[in-house]
Amino acid sequence: MAETQPVAEFAPAKINLTLHVTGQRPDGYHLLDSLVVFADVGDRLTLALSDTPALNVTGPRAEGVPGDARNLALRAAETAGTTVRIALDKHLPAAAGIGGGSSDAAAVLRGISRLTGLAPPDDTVRLGADVPVCLPARAARMQGVGEIVTPVADLPRLHAVLVNPGVEVATPACFARLATRTNPPMPDPLPRWSGPADLIDWLATMRNDLEPPACHIAPVIADLLETLRADPACRLARMSGSGATCFALTDTAAHARAMAARLSRPQWWVQPTRLS
Ligand SMILES: C[C@](O)(CO)[C@H](O)COP(=O)(O)OP(=O)(O)OC[C@H]1O[C@@H](n2ccc(N)nc2=O)[C@H](O)[C@@H]1O
Ligand SMILES: Nc1ncnc2c1ncn2[C@@H]1O[C@H](COP(=O)(O)OP(=O)(O)OP(=O)(O)O)[C@@H](O)[C@H]1O
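So, here's what we can say about the structure. (Residues numbered from 1 in each chain as written. Chains lettered and ligands numbered in written order. Predicted model: local features only at pLDDT ≥ 70, side-chain atom pairs only at ≥ 80, totals over all residues. Heavy atoms only, no water.)

**Focus: the overall build of the protein**
1) Next: The secondary structure content of the protein amounts to eight helices and eleven strands.
2) Next: Taking 19 Å as the expected radius of gyration for a compact globule of 276 residues, we find that the protein reaches 18 Å, a close match to that expectation.
3) Next: Projecting the C-alpha coordinates of the protein onto the three principal axes gives extents of approximately 55 × 45 × 35 Å.
4) Next: For the protein, the proportion of its 276 residues judged to be buried stands at 54%.
5) Next: Total accessible area on the protein is roughly 12200 Å²; 53% of this is exposed by carbon and sulfur atoms.
6) Next: Looking at charge distribution, the protein has the averaged site of its 25 positive side-chain charges lying 3 Å from that of its 27 negative ones. (Helix = DSSP H or I, 4+ residues; strand = E, 2+ residues; numbered from the N terminus. Rg over C-alpha atoms; globule rule 2.2 N^0.38 Å. Buried < 20%, exposed > 50% of the residue type's maximum accessible area, 1.4 Å probe, protein only. Areas by Shrake-Rupley, 256 points an atom, 1.4 Å probe, with all protein chains shown as cover. Lys, Arg positive; Asp, Glu negative; His and termini not counted. Charge placed at Lys NZ, Arg CZ, Asp CG, Glu CD.)

Set out below in structure tokens:
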């Protein structure tokens, strides 16, 4: 087969504005209720149909990312039953709670759909709990173990700073350290927020249940959250996913940029961003 013209896909960072752990299935997987949004920072992929699978990982965060069949980008193509050549320009830190691998996998599935005209496979949660929500890459409520994705229309757009303190937190270890596995869900239906300030006030009454276990595993996360909360521009600071990346919400893009400049440290990944 001659290679097709490549298509480009953006794989945005996934941010869990809330992450409530509401139960556990008999197979050990946890039931979640999470308000998920996407940032304007992320990985960049190009892919083309080809005879043999291939993956080339480059970019500022390529180090340590598997370049072989373990990479979720190649596993996604295999799930779709398609052979593709992928160039992955990695900008998101890995194992960071912002769905890097899942967003790459979802981007590959979107790209393959464009190349073949076929719909993505149904059972994408098998690739990773975050893949279904990353597929549309739009604000959504995520439930079940990640397979139930309900779009949230008209979510006010937020300004934020994302900060990763340079430690990796293993997701299973984080779930394993939960003190309680049956915690209250978010309200159903979700409220309708009048604007960003209203949304932030409401978010302050919600939780990330994985934050206490992650802070126990990596105390640097607790220190980071304290630093974020002490900043005059910070309206709310919370961890995303199983960490270690945390986000601070601000009133304006200028505040996010100024806060990001104040937070610059050699080992930290710091990004001002918009979430929507
Ligand atoms: C924590 C979140 O990032 C929140 O968005 C996701 O639930 C995790 O998404 P992910 O990294 O794509 O997760 P997976 O690769 O499917 O699972 C990693 C591990 O996390 C635990 N896990 C994950 C999802 C879930 N609903 N319950 C779990 O207990 C399991 O131990 C699993 O082996
Ligand atoms: N495309 C990829 N990008 C980054 N890591 C990948 C990729 N494919 C496989 N991996 C592996 O997956 C592990 C988890 O990385 P990933 O960035 O997906 O985690 P995460 O940000 O914690 O995800 P989540 O928020 O979904 O829990 C990494 O340690 C890495 O070895």
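**Examining the site of ligand 2**
1) Next: Around ligand 2, the surrounding shell holds 20 residues, and the nearest of these are N71, K90, G101, D104 and D130.
2) Next: A95 is positioned such that a nitrogen or oxygen atom in its backbone is 3.0 Å from an oxygen atom of ligand 2.
3) Next: Separating an oxygen atom of ligand 2 from a side-chain N or O atom of S102 is a distance of 3.4 Å.
4) Next: Here ligand 2, which alone exposes 610 Å², has 79% of that area covered by the protein.
5) Next: Class assignment of the residues belonging to the shell around ligand 2 gives a composition of eight nonpolar, seven polar and five charged. (Near = heavy atom within 4 Å. Polar contact = N/O pair within 3.5 Å; in protein donor to acceptor, adjacent residues only side chain to side chain. Nonpolar A, V, L, I, M, F, W, Y, C, P; charged D, E, K, R; others polar.)

**What about the site of ligand 1?**
1) Next: Surrounding ligand 1, one finds 16 residues, the nearest of these being K14, N16, H30, A129 and D130.
2) Next: At a separation of 3.1 Å, a nitrogen atom of ligand 1 approaches a polar backbone atom of V145.
3) Next: At three residues, helix α4 (residues 171-176) tops the list of elements feeding residues into the shell around ligand 1.
4) Next: Per-class residue counts for the shell around ligand 1 are eight nonpolar, six polar and two charged.

**Observations concerning the pattern of salt bridges**
Where charged atoms from two side chains of opposite charge approach closely, those side chains can pair.
1) Next: Applying the stated criterion across every chain, the model contains 15 salt bridges.
2) Next: One salt-bridge network, held together by shared partners, links E9, R110 and R114. (Salt bridge = Lys/Arg side-chain N within 4 Å of Asp/Glu carboxyl O.)

**Some remarks on the side chain of S50**
1) Next: Here S50 is to be found in the loop between β3 (30-49) and β4 (54-58).
2) Next: Note on S50: relative accessible area 1%, which makes it buried.
3) Next: Within the local environment of S50, its side chain forms a polar contact with the backbone oxygen of T52, the two atoms lying 2.5 Å apart.

**Re the nonpolar core**
1) Next: Membership of the largest hydrophobic core comes to 64 residues, with the highest contact counts inside it found for L47, I86, V108, I221 and L228.
2) Next: At seven residues, helix α2 (residues 100-116) tops the list of elements feeding residues into this core.
3) Next: Both domains that meet at this core, namely domain 1 (7-149) and domain 2 (153-275), each give it at least three residues.
4) Next: If we skip the residues at most four places from it in the chain, V108 touches L45, L47, A73, A76, A77 and I86.
5) Next: Membership of the second largest hydrophobic core comes to 29 residues, among which are L17, V37, A96 and A160. (Core = buried A, V, L, I, M, F, W, Y, C linked by side-chain atoms within 4.5 Å. Domains from an automatic or database assignment. Contact = heavy atoms within 4.5 Å.)

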